[in-house]
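Listed below, chain by chain, are the residues.
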Amino acid sequence: MKKWLLVLAAVAATVSAPSLRAETYPTRPITLVAIFGAGSASDTICRVIAAPLGAALGQPVVVENRPGADGALAATYVARANPDGYTLMMGTNSPLSADPFLLKDLSYDAIKDFTPITRVGSFTLMLVVNPSLPIHSVKELIAYAKAHPGEMSYASANTSGIVAAETLKHWAGISMVHVPYKSPPPALEDIIAGRVSMMFTDLTTGLPHVKAGTLRALAITRIKRTALFPDLPTMDEVGVEGFDLDSWAGIVAPAKTPPEIVTRLNGELRKIIDDPDIKGKLKNVGFEAFSSSPEELGSYIKVQYDRWGKMVADAGIKRK
């Protein structure tokens, strides 16, 4: 009789463990990793979401910046973290779509080593130049680069900037020196100072400088104009046919994070991301917010992985 009681107790404990884990989670602060430095779009979006998420979960959500290697350092850190729901990452196309095709010897698998939680939205990228240059359009930029070989340079702070610039170079047949940065703010500072010629940057970090007149915007990278900057033409409109680069963001956790924790996080995050006030705050910093199910994000990551691999190959970019 005692033996059967022990077996029943063990079965009951096994059945109730997941629900108990979901009910007690979280019991300590959660870390949300931003893959770029302070002041970057990734950092900004993390901080807008962290406070309400912490309030909803009853524990602080601490934003931790881990810039380097176009997001690969942060992704490596998160992939190796315990899959217990206490380490999350604001993943983007940099570590999860492009780095596998741009960098050699990555120590993580962009598909297998992460558990999708939810989409967060999309960044809009625009091409900006130093306003002292006699360049007011993409056509003029290409003409200037051809007339001044070896003089033009472009900054990058993420893989979107690299792939966009290399695609333009390949399409237009122009030469530009690549100047890489760990995060957008210092890259933009050097363009404003005239040390670098141009950059493909997100609206979150670039738009304030455009409004202040310290940067000149030429075009956006999406195939359709954005409501965030409706007067700015697309690269496709100005002649670079078919140019369509979407820079995305989504929250992920380490692989094997328990499903009940994923469900809890997804439910709370979707309420936050889809809240009109939060959407408004993110729109004000040049970000279009929308959420998804974990399954939708997982499928999207796989599609984007293949798409970015093709873009990198088409642009002729070699792994470094």
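Everything here concerns the structure above.
Quick notes on the rules
- Residues numbered from 1 in each chain as written.
- Predicted model: local features only at pLDDT ≥ 70, side-chain atom pairs only at ≥ 80, totals over all residues.
- Heavy atoms only, no water.
- Helix = DSSP H or I, 4+ residues; strand = E, 2+ residues; numbered from the N terminus.
- Rg over C-alpha atoms; globule rule 2.2 N^0.38 Å.
- Buried < 20%, exposed > 50% of the residue type's maximum accessible area, 1.4 Å probe, protein only.
- Contact = heavy atoms within 4.5 Å.
- Areas by Shrake-Rupley, 256 points an atom, 1.4 Å probe, with all protein chains shown as cover.
- Lys, Arg positive; Asp, Glu negative; His and termini not counted.
- Charge placed at Lys NZ, Arg CZ, Asp CG, Glu CD.
- Core = buried A, V, L, I, M, F, W, Y, C linked by side-chain atoms within 4.5 Å.
- Phe/Tyr/Trp six-rings, centres within 6.5 Å; stacked < 30°, edge-to-face > 60°.
- Pairing = 2+ DSSP bridges.
- Axes fitted to C-alpha atoms, helices over the stretch in contact; angles between N-to-C directions.

Undergrad: Would you take a moment to explain the overall build of the protein chain for this structure?
TA: A tally of helices and strands in the protein chain yields 11 helices and 11 strands. Relative to its length of 320 residues, the protein chain is compact, with a C-alpha radius of gyration of 22 Å against a globular reference of 20 Å. Dimensions along the principal axes, computed over C-alpha positions, put the protein chain at roughly 90 × 40 × 30 Å. Counting across all 320 residues of the protein chain, residues that qualify as buried make up 55%. Once local pairs closer than 6 in sequence are excluded, the contacts in the protein chain between residues at least 24 apart make up 76%. With an accessible surface of roughly 14,000 Å², the protein chain has 57% of that area assigned to carbon and sulfur atoms. Looking at the protein chain, you have 33 positive and 31 negative side-chain charges, and the mean spots of the two groups are 4 Å apart.

Undergrad: In this structure, what is going on with the nonpolar core? I would like to understand it.
TA: Considering soluble globular proteins, one finds that nonpolar side chains tend to be buried as a cluster. Counting residues in each nonpolar core, the largest one holds 54 residues, and the members touching the most others are Met89, Leu127, Val138, Leu141, Leu168, Phe200 and Met235. Dropping the residues within four chain positions of it, Met235 is found in contact with Leu127, Val138, Leu168, Phe200, Ala219, Ile220, Thr221, Val240 and Phe243. Counting residues in each nonpolar core, the second largest holds 33 residues, with Leu57, Val63, Val120 and Val262 among its members.

Undergrad: Even after reading the chapter, I still don't get the packing of aromatic side chains, so can you show me in this structure?
TA: Given two aromatic rings, their pairing is described by the distance between the two centres and the angle made by the two planes. Under the defined criterion, the tally for this structure stands at six aromatic pairs. Each ring, one from Tyr108 and one from Phe114, has its centre 5.8 Å from the other, and the planes form 80°; the classification is edge-to-face. For Phe114, a relative accessible area of 7% puts it in the buried group. Taken together, a centroid distance of 4.9 Å and an interplanar angle of 65° make the contact between Phe123 and Phe287 edge-to-face.

Undergrad: Could you clarify how one ought to interpret the sheet that holds strand E10 (residues 247-254) in this entry?
TA: For sheets, the rule is that strands pair by backbone hydrogen bonds, running either parallel or antiparallel. Read from one edge of the open sheet, six strands run E2-E1-E3-E10-E4-E11, paired in mixed fashion. If you trace the sheet from one side to the other, it starts and ends with strand E2 (61-65) and strand E11 (287-289), each paired once. When the angles between neighbouring strand axes are averaged without regard to direction, this sheet yields 30°. In this sheet, E10 lies alongside strand E3 (residues 87-92) in antiparallel orientation, the contact comprising four bridges. Paired with Met89 across the two strands is Val252, which belongs to E10.

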